[in-house]
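# Structure at a glance
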Protein chains: 2
Amino acid sequence: MTDAHEALAAPGDDGITLLVLDADPPPRLGSLTGRARILHGDDSTIARQLPVADVLLVWDFLSDAVRRAWPGEGARPRWVHTASAGVDHLMCPELAASDTVVTNARGIFETPIAEYVAGLVIAWAKDFAGTNELQRQRRWRHRETRRVAGTRAVVVGSGPIGRAIARTLEALGVRVAVTGRTARPGVHGPQDLLALVARADWVVCAAPLTDATRGMFDARTFDAMSPAAYFINVGRGQLVVEEDLLAALAKRWIAGAALDVFAHEPLPPESPLWDVPGLTVSPHMSGDVIGWRDELGSQFLELFGIWASGKPLPNVVDKNVGYVPSHDLTQD
Amino acid sequence: MTDAHEALAAPGDDGITLLVLDADPPPRLGSLTGRARILHGDDSTIARQLPVADVLLVWDFLSDAVRRAWPGEGARPRWVHTASAGVDHLMCPELAASDTVVTNARGIFETPIAEYVAGLVIAWAKDFAGTNELQRQRRWRHRETRRVAGTRAVVVGSGPIGRAIARTLEALGVRVAVTGRTARPGVHGPQDLLALVARADWVVCAAPLTDATRGMFDARTFDAMSPAAYFINVGRGQLVVEEDLLAALAKRWIAGAALDVFAHEPLPPESPLWDVPGLTVSPHMSGDVIGWRDELGSQFLELFGIWASGKPLPNVVDKNVGYVPSHDLTQD
């Protein structure tokens with residue numbers, strides 16, 4: 001009898017059934033043996049598994065299987081955890097209206113993404129691309145480049161990732177404005193966005209994808225930006241109207257852009273986005289450092305322990321706005 | 001009569017003669033009209049101009065004309081200012097032994113160079129080069145990259161530039177050790193270098209070029225480094241034994257390197273350094289941000305005012321060690 005079979009066959013001491021939605025199995029779940037019955041699900045099985053699950057771990061954060069299966073019949077898990085910062089792939093009106101608690105992977109991606117954004121900013125400021133090209137041509141051509149300190153950034157998104165980006169850029173001497181869903185101390189409301197964007201050298205999107213933010217970076221936003229400014233998206237692809245970004249780059253409304261996320265992922269080889277002058281394309285990896293899957297696995301185990309002991313969970317997502325609200329964020 | 005002719009013909013009110021060694025004329029010197037007689041010199045004229053100059057401004061910091069002309073006959077300037085951080089291009093035993101005060105451009109290059117180094121570190125950690133190459137191939141290939149926070153750096157050089165690099169890396173969460181000519185609080189002595197280098201992810205050279213530092217990065221240093229570590233030189237080219245670095249890269253003793261300075265500048269098109277796998281070559285530009293020449297010009301004017309009023313100059317170089325000693329650095 002294999003361990004996996006045993007885990008399937010033997011209910012946990014406390015009768016908890018954990019349903020794991022995964023493409024690749026998550027690490028470290030073995031330590032739950034004896035504490036939970038673990039079911040593995042996929043697109044084709046999740047609809048019939050949801051009624052028997054107490055807990056759902058959305059490990060495959062690219063799948064929208066939860067959103068499609070959730071409105072079905074029967075009981076629903078009491079707790080859903082997603083191994084991602086965003087919850088857009090799983091939220092649906094029925095889940096939002098339910099008693100089910102949703103938690104996310106706050107704490108894992110903030111620093112890596114902030115570092116990634118800082119690297120893009122410096123690489124543009126110092127014209128690393130130009131240096132690489134001149135090196136290929138064996139040409140010694142001294143240029144004057146930009147001082148990062150003293151430049152201005154707008155970070156759109158006032159969650160943990162947006163605030164980590166702001167802190168890291170501020171550490172480099174960048175003057176940072178953060179915008180969020182609602183104005184509050186240190187955070188501008190959406191009504192300030194265009195005015196802030198107009199003065200920014202770097203516009204960074206780290207917003208959650210919600211009905212209020214979908215497509216918010218459109219021709220109007222790019223038109224408001226300085227022709228010397230750069231745009232970065234590390235949020236979700238659908239925050240950006242991609243054709244408007246391409247037009248803005250083609251018309252030189254902005255100096256350049258870097259997209260780590262796309263409306264359709266993975267980006268197919270035939271996508272026009274791959275070879276747009278001034279556009280850097282990366283495969284949704286800005287937050288994924290070596291060991292990230294272990295970190296996500298450990299985080300889930302920690303939350304599982306808290307949940308199983310009946311204590312209140314951290315990282316609880318406000319299902320109506322689609323992210324962990326700031327007043328619950330005491331430590332970033 | 002042109003302004004330039006007038007400046008040459010009319011001694012300043014206080015009879016100061018300023019000799020400017022320049023390839024391109026420095027900006028902003030016009031404001032000295034009436035306060036100093038300005039002579040422009042070059043390799044062929046400086047030997048006969050030195051005896052009549054009260055002040056020498058070494059604007060062309062690549063020239064070694066001063067070092068060659070200084071041991072000559074006659075009076076010498078009382079003050080020499082170089083529009084550079086390093087003074088290796090002008091120092092000679094006779095200048096070191098003289099009463100002449102030497103000042104440098106401390107304060108201009110620190111932040112730009114620190115930003116440049118931070119950008120290289122992040123670009124390596126996040127494999128920006130791999131992303132660019134995969135984009136060219138239109139291939140979506142997710143990778144796990146490195147978290148910068150928690151990595152270790154050794155910064156060789158405890159002057160203002162080295163310390164600015166250390167501060168900037170520390171702001172990114174890097175654990176930084178600084179080495180200098182002598183051990184003191186917060187600075188390791190040269191005897192610790194190999195042990196520190198062995199544990200470092202990033203080894204950054206920002207040392208002055210002196211007889212004690214020439215060639216200090218040789219096979220022994222590179223052999224001590226981790227095969228996963230990277231080397232950056234923003235100091236002077238002759239601090240590195242270039243053939244040893246090439247051998248270390250070829251043997252994969254180290255993961256990569258970036259050189260902004262070279263034993264012979266500009267690097268000729270036929271140099272083997274241009275296309276070494278893992279080596280980034282840039283044309284001595286890491287400190288040169290837009291407006292740097294104006295900043296250097298303004299700085300000289302400020303120092304000129306201080307000197308002309310008889311007050312003690314800041315940025316005075318210890319001619320025996322070849323840089324501004326740390327105990328004179330109150331504000332970085």
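Residues numbered from 1 in each chain as written. Chains lettered and ligands numbered in written order. Predicted model: local features only at pLDDT ≥ 70, side-chain atom pairs only at ≥ 80, totals over all residues. Heavy atoms only, no water.

### Remarks on the layout of surface pockets
The computed volume of the largest pocket comes to approximately 1400 Å³. Lining the largest pocket we find 41 residues, and of these Ala-129 and Asn-132 of chain A together with Phe-128, Ala-129 and Asn-132 of chain B sit closest to its centre. Of all the secondary-structure elements, those providing two or more residues to the lining of the largest pocket are α5 (110-125), α6 (128-136) and β11 (279-281) of chain A together with α5 (110-125), α6 (128-136) and β11 (279-281) of chain B. With seven residues, α6 of chain A is the single largest residue contributor to the lining of the largest pocket. Taken together, the residues of the lining of the largest pocket sort by class into 22 nonpolar, 12 polar and seven charged. (1 Å grid on protein atoms, 1.4 Å probe; cavity = no way out; pocket = protein on both sides within 12 Å on 5 of 7 lines; lining within 4 Å. Points joined across faces, edges and corners; volume = space filled by probe spheres on them. Helix = DSSP H or I, 4+ residues; strand = E, 2+ residues; numbered from the N terminus. Nonpolar A, V, L, I, M, F, W, Y, C, P; charged D, E, K, R; others polar.)

### Looking at helix α11 (residues 292-308) of chain A
Residues and elements named next belong to chain A. Taking 1.5 Å per residue, 17 residues should reach 24 Å; α11 reaches 24 Å between its end C-alpha atoms and fits that length. The complete set of buried residues in α11 reads Trp-292, Leu-296, Gly-297, Gln-299, Phe-300, Leu-301, Leu-303, Phe-304 and Trp-307. Along its buried surface, α11 packs onto β1 (17-21), β3 (55-58), β4 (79-82) and β5 (101-103). (Expected span 1.5 Å × (residues − 1). Buried < 20%, exposed > 50% of the residue type's maximum accessible area, 1.4 Å probe, protein only. Contact = heavy atoms within 4.5 Å.)

### Re the nonpolar core
Of all hydrophobic cores here, the largest spans 111 residues; its most connected members are Ile-165 and Leu-169 of chain A together with Ile-165 of chain B. Setting aside its immediate chain neighbours within four residues, Ile-165 of chain B contacts Ile-113, Ala-114, Val-117, Val-155, Val-204, Ala-206 and Val-234 of chain B. (Core = buried A, V, L, I, M, F, W, Y, C linked by side-chain atoms within 4.5 Å.)

### Notes on the relation of the copies chain A and chain B
Mapping chain A onto chain B leaves a residual RMSD of 0.0 Å; the transformation is a rotation of 180° accompanied by 0.0 Å of translation along its axis. The superposition operator between the copies reduces to a two-fold rotation axis. The residues that chain A uses at the interface reappear at the interface of chain B in 100% of cases, marking a shared surface. (Least-squares fit on C-alpha atoms with pLDDT ≥ 70 in both.)

### Things to note about the packing of α5 of chain B against helix α7 (residues 160-171) of chain B
Residues and elements named next belong to chain B. Closest axis-to-axis distance for the α5/α7 pair is 8 Å, and the angle between their directions is 45°. Taken together, the axes of α5 and α7 are oblique relative to one another. The handedness of the crossing between α5 and α7 is right-handed. Contacts between α5 and α7 involve Glu-110, Ile-113, Ala-114, Val-117, Ala-118 and Val-121 on the former and, on the latter, Pro-160, Ile-161, Ala-164, Ile-165, Thr-168 and Leu-169. (Axes fitted to C-alpha atoms, helices over the stretch in contact; angles between N-to-C directions. Parallel < 35°, antiparallel > 145°, perpendicular 65-115°, else oblique. Left-handed = near helix turned anticlockwise from the far one by under 90°.)

### A few points about the sheet that holds strand β6 (residues 152-156) of chain A
In sheet architecture, strand pairing relies on hydrogen bonds along the backbone and comes in two forms, parallel and antiparallel. Residues and elements named next belong to chain A. One open sheet holds the six strands; their spatial order is β7-β6-β8-β9-β10-β11, and the pairing between them is parallel. The outermost strands of the open sheet, each flanked by one partner alone, are β7 (175-179) and β11. Strand-to-strand, the axes of this sheet are offset by a mean angle of 15°, without reference to chain direction. As paired elements, strand β8 (residues 202-205) and strand β9 (residues 230-233) share four bridges and run parallel to each other. Within the sheet, the bridge partner assigned to Cys-205 lies in β9 and is Asn-233. Taken strand by strand, α5 contacts β8, β9 and β10 (256-259), and its axis lies near 160° from that of β9. (Pairing = 2+ DSSP bridges.)

### Notes on the sheet that holds strand β1 (residues 17-21) of chain B
Residue and element names in this part refer to chain B. The strand order β2-β1-β3-β4-β5 describes an open sheet built from five strands, whose pairing is parallel. Among the strands making up the open sheet, the edge pair consists of β2 (37-41) and β5 (101-103). Each strand axis lies, on average, 20° off the axis of its neighbour in the sheet, ignoring direction. When strand β4 (residues 79-82) meets β5, the two strands line up parallel, connected through three bridges. Counted as the bridge partner of Trp-79 is Val-101 from β5.

### Digging into the packing of aromatic side chains
All names here are of chain A. Scanning the entire structure with this criterion turns up 24 aromatic pairs over all chains. With a centroid separation of 6.1 Å and an interplanar angle of 75°, the aromatic rings of Phe-61 and Trp-292 are classed as edge-to-face. In this pair, Phe-61 sits in the loop between β3 and α3 (65-69) while Trp-292 sits in helix α11, placing the two residues 231 residues apart along the sequence. In textbook terms, an aromatic cluster arises when at least three aromatic residues are bridged by ring pairs, as seen for Trp-79, Phe-300, Phe-304 and Trp-307. Its end group placed over the ring of Trp-70, Arg-76 keeps NZ or CZ at 5.7 Å from the ring centre. (Phe/Tyr/Trp six-rings, centres within 6.5 Å; stacked < 30°, edge-to-face > 60°. Lys NZ or Arg CZ within 6 Å of the ring centre and 35° of its normal.)

### A look at the environment of Pro-112 of chain B
For Pro-112 of chain B, the location among the structural elements is in helix α5. Note on Pro-112 of chain B: relative accessible area 0%, which makes it buried. Each C-alpha atom of the pair Pro-112 of chain B and Glu-73 of chain B lies 40 Å from the other, and the pair is 39 residues apart in sequence. Once you skip the residues sitting within four places of it in the chain, Pro-112 of chain B turns out to touch Lys-126 and Arg-147 of chain A together with Ser-286, Gly-287 and Val-289 of chain B.

### Some points on the pattern of salt bridges
Per the stated rule, a full pass over the model turns up 26 salt bridges over all chains. The residue Asp-201 of chain A makes a salt bridge to Arg-146 of chain A at a minimum N-O spacing of 2.7 Å. In this pair, Asp-201 of chain A is assigned in the loop between α8 (193-198) and β8 and Arg-146 of chain A in the loop between α6 and β6, connecting sequence segments 55 residues apart. Residue classification places Arg-146 of chain A among the partly exposed residues on the basis of a relative accessible area of 22%. One salt bridge connects Glu-295 of chain B with Arg-147 of chain A, and the closest N-O pair in it is separated by 2.9 Å. Placement of the pair is Glu-295 of chain B in helix α11 (residues 292-308) and Arg-147 of chain A in the loop between α6 and β6, with the two residues belonging to separate chains. Judged by its relative accessible area of 27%, Glu-295 of chain B is partly exposed. (Salt bridge = Lys/Arg side-chain N within 4 Å of Asp/Glu carboxyl O.)

### Observations regarding the interface of chain A and chain B
On the side of chain B, 56 residues touch chain A, which itself brings 56 residues to the contact. Interface area, chain A with chain B, both sides summed: about 4600 Å², of which 60% is carbon and sulfur. Linking chain A to chain B there are six salt bridges. A salt bridge links Arg-138 of chain B to Asp-275 of chain A; the nearest nitrogen and oxygen atoms lie 3.1 Å apart. Put simply, the parts of the chain that give the side of chain A that touches chain B at least two residues each are α5, α6, α7 (160-171), β11 and α11 of chain A. (Buried area = accessible area lost by both parts, 1.4 Å probe.)

### Topic: the domain arrangement of chain A
All names here are of chain A. Once the domains are mapped, chain A shows domain 1 (3-108 + 291-326) and domain 2 (110-281). Distance between the C-alpha centres of domain 1 and domain 2: 32 Å. Counting residues at the interface gives 12 residues for domain 1, matched by 13 residues for domain 2. Taken together, the links from domain 1 to domain 2 amount to one salt bridge. Residue Asp-88 is joined to Arg-236 by a salt bridge in which the shortest nitrogen-to-oxygen separation is 3.0 Å. Inspection of the region where domain 1 meets domain 2 yields three residue pairs in polar contact (both at pLDDT 80 or more). In terms of residue class, the side of domain 1 that touches domain 2 is built from five nonpolar, five polar and two charged. (Domains from an automatic or database assignment. Polar contact = N/O pair within 3.5 Å; in protein donor to acceptor, adjacent residues only side chain to side chain.)

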